Amino acid sequence: MRLGRSADCVEWSLQLPLIEAILALKQELGATILAHTYQAPEIFHGVADITGDSLALAEAAVEAPGDLIMVCGVHFMAESVKLLAPGKTVLIPDANAGCSLADAINAEDIRQLRRQHPGVPVVCYVNTSAAVKAECDACCTSANAVSVVESLGSEEVIFVPDRFLGAWVASQTKVRLRLWQGSCEVHEKFTARQARQARDQHDAVLLAHPECPPEVLAEADFVGSTSAMSRWIERARPRRVALVTECTMADNLRVLHPQTHFVQPCQLCPHMQKITLPAILRALRTLAPQIHIDEEVAKRARLALERMLLAGRDARG
Ligand code: 13P
Ligand code: SF4
């Protein structure tokens, strides 16, 4: 547990009883807690066994010991875990923790795209429902999107649902991409002006998530997934860094990189914020809500995820 630099003493004393209750119950149940990088520090550093981006969490699910997994993240992340670890009980502290990208497209939209563009393979960002994944050829995260798109061996690929991630991938590959018009309600709010200000006023290096609009990415010194940004900081050890992504990530990294000063224009994900310590404790006590996926859907969605893991294995970015 590493909360020292991420919360002040008063906050700490309020969180401690809940953290202790969760740790005790987790041990008693033999549960593994996975937490995304956008989870609050008291979850990320206080109770999680494994932390990381969506790809790292999906992979960790396969290796996790025991039969009970709690996913502290949004609903599509918990579904990915259930797809890869179908024999395990997968809990999410709040089943209403959604995602504007996952809500931007449904299974029928994909079927219609296939009718409109016969023979063109479809790649979906992991930020989609299991039902959407089941209709796609392969899945990707922002860490492996380019290699997944190229792995299909097609000159043209339909890429859904994030138009900004799609535009960024298109700028990195010769494959022609047809984009869906979805966006992340958090990253779409960043502006180029904010990014320039964060960099220039603080003399900071600018790292941005590819879900940001292209004019923001054009200002960035480095563009990458949450884990890629994290690794970049570990390698470069900059004095000051502006992270243009959900701002809880900076709260978490501050603890791991005390030599670096984090500045950022702050945007919070309202869905990630639904996951709280009381919700985690309640879910462990009641063993609910659990993730269930129709077996036929799961079988096809798993194929798309497994294709991603195969293509992305050598291409961590
Ligand atoms: P990562 O895969 O980079 O962790 O991103 C997930 C996400 O939801 C970003 O908004
Ligand atoms: Fe979805 Fe955006 Fe929240 Fe990530 S930050 S979970 S993409 S709404």
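In the block above lies the structure referred to throughout.
One structure accompanies this document, and this report is about it. (Residues numbered from 1 in each chain as written. Chains lettered and ligands numbered in written order. Predicted model: local features only at pLDDT ≥ 70, side-chain atom pairs only at ≥ 80, totals over all residues. Heavy atoms only, no water.)

1. Remarks on the pairing of strand β8 (residues 176–179)
To keep things clear, this is the line we draw: Two strands qualify as a pair provided that DSSP identifies no fewer than 2 bridges between them. Runs of H or I in DSSP of at least four residues are treated as helices and runs of E of at least two as strands, each being numbered from the N terminus. If the strands point away from the viewer and the path from the first strand over the helix to the second runs clockwise, then the crossover is right-handed.
Pairing geometry for strand β7 (residues 156–160) and β8, over four bridges, is parallel. Within β8, the position partnered with E156 by the bridge is R176. After leaving β7, the chain enters helix α8 (residues 163–170) and then returns to the sheet as β8, a path that is right-handed.

2. So, the layout of surface pockets
Condition: The rule is simple: put a 1 Å grid over the protein atoms alone, call a set of points where a 1.4 Å probe fits but cannot get out a cavity, call an open set with protein on both sides within 12 Å along at least five of seven lines a pocket, and count a residue as lining if it has an atom within 4 Å of a point. Grid points are joined across faces, edges and corners, and a volume is the space filled by probe spheres set on the points. Only Asp, Glu, Lys and Arg are considered charged in this grouping, and only Ala, Val, Leu, Ile, Met, Phe, Trp, Tyr, Cys and Pro are considered nonpolar; every other residue, Gly among them, is considered polar.
Of the pockets and cavities examined, the largest pocket occupies roughly 230 Å³. Along the wall of the largest pocket there are 16 residues; nearest its centre are T51, G52, D53, S227 and S230. Elements that contribute at least two residues to the lining of the largest pocket include exactly β2 (50–52), α3 (54–63), α11 (226–236) and α12 (248–256). The element contributing the most residues to the lining of the largest pocket is α11, with five residues. The residue makeup of the lining of the largest pocket, split by class, is six nonpolar, six polar and four charged.

3. Concerning the site of ligand 1
The condition is simple: Any residue with at least one heavy atom within 4 Å of a molecule or strand is counted as near it. Polar contact criterion, stated in full: a pair of N or O atoms within 3.5 Å, where within protein one must be able to donate a hydrogen and the other to accept it, and residues adjacent in sequence count only if both atoms are side-chain atoms. For every accessible area listed, the method is Shrake-Rupley and the probe measures 1.4 Å; residues are considered covered only by the protein chains on display. A pocket or cavity is taken to hold a molecule when more than half of that molecule's atoms are within 2 Å of the pocket's grid points.
Around ligand 1, the neighbouring residues are H36, Y38, D53, S54, Y125, N127, S142, H187, H209, E211, S225 and T226. With respect to ligand 1, the side chain of S142 contributes an N or O atom lying 3.2 Å from an oxygen atom. Here an oxygen atom of ligand 1 and a side-chain polar atom of H209 are 2.9 Å apart. Across the complex, the protein chains shield 95% of the 300 Å² of accessible surface that ligand 1 would expose by itself. The site holding ligand 1 turns out to be the largest cavity. Across the shell around ligand 1, the residue classes break down as two nonpolar, eight polar and two charged.

4. Remarks on the environment of T173
Let me state the cut-off plainly: Here, residues are in contact when the closest pair of their heavy atoms is within 4.5 Å.
In this structure, T173 sits in the loop between α8 and β8. Put simply, T173 and V146 are 27 residues apart on the chain and 6.8 Å apart in space, counted from C-alpha to C-alpha. Discounting residues that sit within four places of it in the chain, T173 has contacts with V146 and E150.

5. Observations concerning the sheet that holds strand β1 (residues 31–36)
Basically, it comes down to this: All axes are obtained by fitting lines to C-alpha atoms, using only the stretch in contact for helices, and the reported angles, taken between N-to-C directions, cover 0 to 180 degrees.
Strand order across the open sheet formed by four strands is β2-β1-β3-β4, with parallel pairing between neighbours. The two strands at the open ends of the sheet, each matched to only one other strand, are β2 and β4 (89–91). Across the sheet, the axes of successive neighbouring strands diverge by a mean angle of 20°, strand direction being ignored. As paired elements, β1 and strand β3 (residues 68–72) share five bridges and run parallel to each other. Paired with I33 across the two strands is M70, which belongs to β3.

6. Looking at α3
Let me state the cut-off plainly: Relative accessible area decides the class of each residue, using a 1.4 Å probe on protein chains only: under 20% of the type maximum gives buried, over 50% gives exposed, and in between gives partly exposed.
Within the span of α3, buried status applies to S54, L55, L57, A58, A60 and A61. The opening residue of α3 is D53, an N-cap whose side-chain oxygen sits 2.8 Å from the backbone nitrogen of A56.

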